[in-house]
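# Summary of structural features
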Amino acid sequence: MEMILEVVIVLLFRYPGAFIRWVFLHKRRTFDSLLKEDPYINATLSIAILGGIALLISYILKR
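Notes on the structure in this doc start here. Position numbers for residues count from 1 along each chain, tracking the sequence in the order it is written. In keeping with the model being predicted, local features are shown solely for residues with a pLDDT of at least 70 and side-chain atom pairs are shown and tallied solely at 80 or more, while totals for entire chains, interfaces and linings include all residues. Excluding hydrogens and water, the side-chain figures rest on all heavy atoms present in the structure.

Take the overall build of the protein chain next. Per the convention used, a helix needs a DSSP run of H or I reaching at least four residues, while a strand needs a run of E reaching at least two, with both numbered from the N terminus. Of regular secondary structure, the protein chain possesses three helices and zero strands. Using C-alpha atoms as the atom set, the radius of gyration is obtained and then compared with a globule rule of 2.2 Å times the number of residues to the power 0.38. The C-alpha radius of gyration of the protein chain comes to 14 Å, more than 25% above the 11 Å expected for a compact globule of 63 residues. A principal-axis box enclosing the C-alpha atoms of the protein chain has dimensions of 40 × 40 × 10 Å. With a 1.4 Å probe rolled over the protein chains alone, any residue whose accessible area is under 20% of its type maximum counts as buried; one over 50% counts as exposed, and the rest are partly exposed. Counting across all 63 residues of the protein chain, residues that qualify as buried make up 16%.

Structure (structure tokens):
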């Protein structure tokens, strides 16, 4: 069950992560090369950015 969950998470979050990396690398590399490079880097970056946005929104709404 853990393996299936891990695969689903990586598949869902690797595209937004690759897009974020593509934008911040100033489009020096192609989106496809970043997507194929390492899906775990892309998924981790995507989850971290989305978590940061969620924390920021939570902080703003509490004020």
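Another point: helix 3 (residues 39-62). Helix span, expected: 1.5 Å multiplied by one less than the number of residues in the helix. Here helix 3 spans 35 Å end to end across 24 residues, near enough to the 34 Å set by a 1.5 Å rise per residue. Within the span of helix 3, buried status applies to N42, A43 and S46. In what follows, residue pairs with any heavy atoms lying within 4.5 Å of each other are defined as contacts. Against the buried residues of helix 3 lie helix 1 (2-24) and helix 2 (31-37).

A few words on the side chain of N42. On the secondary structure map, N42 appears in helix 3. A distance of 2.9 Å separates polar atoms of two side chains, one belonging to N42 and the other to R21. When residues no more than four places from it in sequence are discounted, the contact partners of N42 are F13, R14, G17, A18, R21, L34 and L35. Under the rule applied, a polar contact is a pair of N or O atoms within 3.5 Å (in protein, one hydrogen donor and one hydrogen acceptor; residues adjacent in sequence only if both atoms are side-chain atoms).

In the sections that follow, a salt bridge refers to a side-chain nitrogen of Lys or Arg positioned within 4 Å of a carboxyl oxygen of Asp or Glu. With the rule as written, the count across this model stands at two salt bridges. A salt bridge links R21 to E37; its shortest N-O distance comes to 3.0 Å. Here the residue R21 occupies a position in helix 1, and E37 occupies one in helix 2, the gap between them amounting to 16 residues. By relative accessible area, which is 38% here, E37 ends up partly exposed. Residues joined in a network through salt bridges with shared partners are R21, R29 and E37.

Any two rings among Phe, Tyr and Trp, with Trp reduced to its six-membered ring, count as a pair given centres within 6.5 Å; such a pair is stacked if its planes are under 30 degrees apart, edge-to-face if over 60, and tilted if neither. On inspection of all chains with the given rule, the structure shows one aromatic pair. For the ring pair F19 and W22, a centre distance of 5.9 Å and an interplane angle of 40 degrees mean the geometry is tilted. Here the residue F19 and the residue W22 both occupy positions in helix 1, the gap between them amounting to three residues, near one helical turn. In this structure F19 comes out as partly exposed when scored by relative accessible area, which is 44%.

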